[in-house]
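# Structural overview for review
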Amino acid sequence: MASLALVLRVAIALSTQGFFQPDEYFQALEPAHHYVFGYGHLTWEWVSPAPLRSIIYPALNIPPFWLIRTLGLDARYPELLIAGPRVVHGLLAAITDIGIREITRQILNDSYVPAAYFVSLTSLFHSLSLSRSMSNSLETSLTTAALSCYPWDNARSMRVQSSVTQTGRHCDETSNLHRTRMRMCIVFAALACAIRPTNAIIWVYMFGLLVLRFGPRPSQRFIFIRDCCVIGAMTTLTVFALDSAFYGRPVLSLLNFLRVNASPVSLFYGSSSWHYYLSQALPILCSTSLPFVLYGMLLAVKNNEKKLKAMLGCIVWTLTAFSFVGHKEWRFLHPLLPMLHIFASRSLVELYYRSAKTEIKVPGEKRKNTVIKTFPLPIRTRDLCLLLLTVPASIYVVFFHCVGQIKVMSYLRSLPPENLTSVGFLTPCHSTPWQTYLHRPELAAPGRMWALGCEPPLGLQYPSDYKDQTDIFFEAPLEYMRKHFPSRVDTSYPPSPFASSVPNVTFVETLQVVEQSLRSWDLGWRHEWPQYLVLFGALLREQGMLDLFQDQGYEEVWKGGFEWEGEDQRRGAVRVWKHSR
C-alpha cells in the first residue's frame, strides 16, 4: 500500500501546472539554484543583515541540481531542473500518507487504517500543497513521522521498561525497541522544528503531556528530558554550522526567524482576525471530510478515548497558539491535517458499522453467530460519494489553477537567447517563479531581468505607515511609468540601473532616514524599457496604461491562464508584451 502513496504523490508533483505560494520557489528552489549555478533571486530573508532562512530545507534541492549540472544536462534540458526537485518532494510527501497508517493503527486499530489512508490520499489540500517544495509540506511529513513513533500507549511502554530486571532478556529487547522509537520521535520532531521553528508549539504540548504521564518515575522522566536536550542541541548546532558555512559568517537563523515573526514585520504580509483558523483554514484544509472530523472529535470526547483526546488537545492547543499571531495562512495548519484525518476515519468507520448492523436482519437465535460482511474500505456509499467530491477539485488545482503564472516562464524559456535580452515584470512581487524555471545565465546580470519589489519595513518604528515598491506602483501605475521610465524605448534594451531595492544594511538605513524626514517612500527607482514586459491583464484596465504600451511600440505576443482567476492586481490572466518597433 505504501507504493500507492509514493506513485500518487510523485505523479501529482510532476503534473502540477499551477502557482500556489511564492515560498515554493523563492524560499526553496531559488536559493538552491543560486548555490549550485551561482545565480538566482535571493529575497530579503536571505540577504538582510540578520538572515531568517536556513539552508537546511533548500539543501534538499541541491543534489538534483548538482547532478543535472554535473551531467551537463541543464543547458540542453532545463526542464529537468523543474522535474528533479519535484520527484524529491513527491517522495517526501508520501511519508505523510504512510505515516498516517501507523498512527491510526496505534491510536485506533487496523480496521480504521483503510479509511484514514483513503481520506489522506484523496485530500484536496494535500493535492494542492503536500507535493510542493514548501517548508510546510516537509514539516507535515516530519510531524507525521514523529507522531507515528510517539508512545501513544506510553503507560504500557513505561511498565515494560521498568520491568527489565525482573523478566530478563526479552523485556530488555522490548525496552530498547520502545526507547529507540521514542528517540526517533524526538529526532523527527527536532527536524520539523529546524525546518519550521513554529512546529515547536506542537511538541511543547505532546512532550509536555508525556512528561506529566510518567507519574512517579523520575528516572524515565530524566532519560526523556536528557534525550530531548541532546537531540535538540545536536540539531541546533548542525543548523548553525550549515547556515554559517552558507552565509560565510556565524548565523543562527532559527532565532532570527522567531524574532522577526514575533515582531510587527510579519503583519506587513497581512493580518487576520482571531477566528481565521476556525472559520476559514479548517474548512479549507478538511474540505468534504470536515463533518466527519467534527463527529470523530465528538465521539472521542463522548466515549472518553484517551489517545484521541490527547490528539484533540494538541489540535486545540496549536490552534489557540497560532490564533494569537496576527499573520495567518492556511498552510500554517498543514501539520495538523493528518491528525484531523484520523478523527474523520474514527467517525466514518463508526457510521459504516452502525449502518451495517441495522441493515442486516437476522432472527434473534442466530444473531450471535452472524458475521457482518464488510468491504475492504469501511465507508458508507453516501459518505464515499461526499468524500470523492475532492477528486474533481484536486484535478482542477493540479492541472488548471493559476497555470498562467507558471506557463509564462515556459514561454520565455522557449525563446532563443538572442531574442530575449531583457524582461521586466510589472506584477505584484513574486507572482511567478524565477531562474529555476527559466535558467538563463545571460539574464542574471543586474537589471536584465527585474520585478517590482516588496521589501518589508525593516528597522522602522511605525511600520504600518510604510509602502513598498509594489504598493507605490499600483497606487498610480501611469504616474510611476512616467516618472521612473525614459520617455522613449532604447532599442538596445540596456539593463535597468535601479529596478528594485536590495534589502541590505544601506536599505535599512535609508528607510529609517525616510521615516524620520517624513518623505515619500519612493526610493527613486530607475528603469529602462525592456524587450519583454510581463503583466496581468488587470494592469491594462488602469487608466492610460494600454495606450502607453502601444505608443511605446509594444504588442501582446502571449497570454496564459484564466481572466477570472486571481484577485485585485492578479486578475485578467498573464500577458507578455514585446517591443516590436
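What this report covers is the structure whose coordinates are included nearby. (Residues numbered from 1 in each chain as written. Predicted model: local features only at pLDDT ≥ 70, side-chain atom pairs only at ≥ 80, totals over all residues. Heavy atoms only, no water.)

## Quick notes on the overall build of the protein
Along the protein, the regular secondary structure elements total 27 helices and five strands. For the protein, the C-alpha radius of gyration of 27 Å lies close to 25 Å, the compact-globule estimate for 581 residues. A principal-axis box enclosing the C-alpha atoms of the protein has dimensions of 95 × 55 × 50 Å. Taking all 581 residues of the protein together, 53% fall into the buried category. Within the protein, counting contacts between residues at least 6 apart in sequence, those at least 24 apart form 78% of the total. Put simply, the protein shows about 26,100 Å² of open surface, and 61% of that area lies on carbon and sulfur atoms. (Helix = DSSP H or I, 4+ residues; strand = E, 2+ residues; numbered from the N terminus. Rg over C-alpha atoms; globule rule 2.2 N^0.38 Å. Buried < 20%, exposed > 50% of the residue type's maximum accessible area, 1.4 Å probe, protein only. Contact = heavy atoms within 4.5 Å. Areas by Shrake-Rupley, 256 points an atom, 1.4 Å probe, with all protein chains shown as cover.)

## Observations concerning the nonpolar core
Judged by nonpolar contacts, the single largest core of 68 residues is most densely connected at Tyr150, Trp152, Trp203, Phe207, Met311, Ile315 and Phe343. The element best represented in this core is helix α18 (residues 337-359), accounting for nine residues. Setting aside chain neighbours within four positions, we find Met311 in contact with Ile103, Ile107, Trp152, Met339, Ile342 and Phe343. In this structure, Phe26, Cys402, Val408 and Met449 belong to the second largest nonpolar core, which totals 35 residues. (Core = buried A, V, L, I, M, F, W, Y, C linked by side-chain atoms within 4.5 Å.)

## Description of the pattern of salt bridges
Counting across every chain of the model gives 21 salt bridges. A salt bridge links Asp97 to Arg9; its shortest N-O distance comes to 2.7 Å. Residue Asp97 is found in helix α5 (residues 80-107), and its partner Arg9 is found in helix α1 (residues 2-15); the two are separated by 88 residues along the sequence. Look at Asp97 and you get buried, because its relative accessible area is 0%. Where salt bridges share partners, they join Asp23, Glu45, Arg53, Glu329 and Arg331 into one cluster. (Salt bridge = Lys/Arg side-chain N within 4 Å of Asp/Glu carboxyl O.)

## Brief notes about unusual backbone geometry
Residues other than glycine predominantly adopt negative phi, and peptide bonds predominantly adopt the trans conformation. Positive phi, close to 50°, is recorded for Cys402, a residue that is not glycine. If you trace the backbone, Cys402 turns up in the loop between α20 (390-399) and α21 (404-414). Located in the positive-phi region is Ala573, a residue other than glycine, with phi close to 70°. Its location among the elements puts Ala573 in the loop between β4 (554-560) and β5 (574-579).

## As for the packing of aromatic side chains
In this description, an aromatic ring pair is defined by two values, namely the gap between the centres and the angle between the planes. Applying the stated criterion to the full structure yields 29 aromatic pairs. With a centroid separation of 5.8 Å and 75° between ring planes, the pair formed by Trp46 and Phe246 is classed as edge-to-face. Here Trp46, found in helix α3 (residues 44-47), pairs with Phe246, found in helix α13 (residues 218-247); they are 200 residues apart in sequence, far enough to count as distant. Take Trp46: its relative accessible area is 4%, and that puts it in the buried class. On the basis of relative accessibility, which here comes to 22%, the residue Phe246 falls in the partly exposed class. (Phe/Tyr/Trp six-rings, centres within 6.5 Å; stacked < 30°, edge-to-face > 60°.)

## Some remarks on the state of the cysteines
Under the defined criterion, the tally for this structure stands at one disulfide. Put simply, Cys429 and Cys454 are joined by a disulfide, and their sulfur atoms are 2.0 Å apart. Its torsion about the S-S bond being 90°, the disulfide of Cys429 and Cys454 is classed as right-handed. Separated by 25 residues along the polypeptide, Cys429 in the loop between β1 (423-426) and α22 (435-438) and Cys454 in the loop between β2 (449-451) and α23 (469-475) bring together distant segments of the chain. A relative accessible area of 7% places Cys454 in the buried class. You can see Cys149 has no disulfide; the closest cysteine sulfur is in Cys185, sitting 6.4 Å from it. The thiol of Cys385 is not disulfide-bonded; the next cysteine sulfur, from Cys286, is found 20 Å away. (Disulfide = S-S within 2.5 Å.)

## Let's talk about the packing of helix α15 (residues 276-286) against helix α17 (residues 306-323)
Helices that pack against each other are described as a pair by the angle of their axes relative to one another and the distance between those axes. Running from amino to carboxyl end, α15 crosses α17 at an angle of 115°, the nearest separation of the two axes being 10 Å. Where α15 crosses over α17, the two elements pack in a sense that is right-handed. Contacts between α15 and α17 involve Tyr277, Leu278 and Leu282 from the first element and Leu319, Phe322 and Ser323 from the second. Across the contact of α15 with α17, the residue classes tally to five nonpolar, one polar and no charged. (Axes fitted to C-alpha atoms, helices over the stretch in contact; angles between N-to-C directions. Left-handed = near helix turned anticlockwise from the far one by under 90°. Nonpolar A, V, L, I, M, F, W, Y, C, P; charged D, E, K, R; others polar.)

## Quick notes on the environment of Val47
Looking at where Val47 falls in the secondary structure, it is placed in helix α3. Between the C-alpha atoms of Val47 and His89, which are 42 residues apart in sequence, the distance is 26 Å. Among residues more than four places away in sequence, those in contact with Val47 are Leu42, Pro503 and Asn504.

## Structural notes on the side chain of His341
Looking at where His341 falls in the secondary structure, it is placed in helix α18. Its relative accessible area of 1% is what places His341 among the buried residues. Here His341 is in contact with Ile100, Val119, Ser120, Ser123, His126 and Ser289, once residues within four sequence places are set aside.

## A closer look at the sheet that holds β1
In spatial order, the strands read β2-β1-β3-β5-β4; together these five strands make up an open sheet with mixed pairing. At either end of the open sheet lies a strand with only one pairing partner, and these are β2 and β4. Ignoring which end each strand starts from, the neighbouring axes of this sheet average 20° apart. Looking at chain direction, strand β3 (residues 532-536) and β5 are connected through five bridges and run antiparallel. Considered in β5, the bridge of Tyr532 is made with Lys578. (Pairing = 2+ DSSP bridges.)

## Concerning the pairing of β3
Taking burial as the measure, the five residues of β3 include five buried ones, the bulk of the element. Note: β1 against β3, four bridges, orientation parallel. Paired with Phe425 across the bridge in β3 is Val534.

## Considering helix α2 (residues 23-37)
For α2, built from 15 residues, the straight-helix expectation of 21 Å at 1.5 Å per residue is met to within 8% by its first-to-last C-alpha distance of 20 Å. Its axis deflected by about 35° at Leu29, α2 carries its strongest bend there, up to four residues before the proline Pro31. Of all 15 residues making up α2, 13 are buried, and the element is well covered by its neighbours. Following α2 by one or two positions, Gly38 has its phi on the positive side, about 85°. (Expected span 1.5 Å × (residues − 1). Bend = angle between axes of the 7 residues up to and from the residue.)

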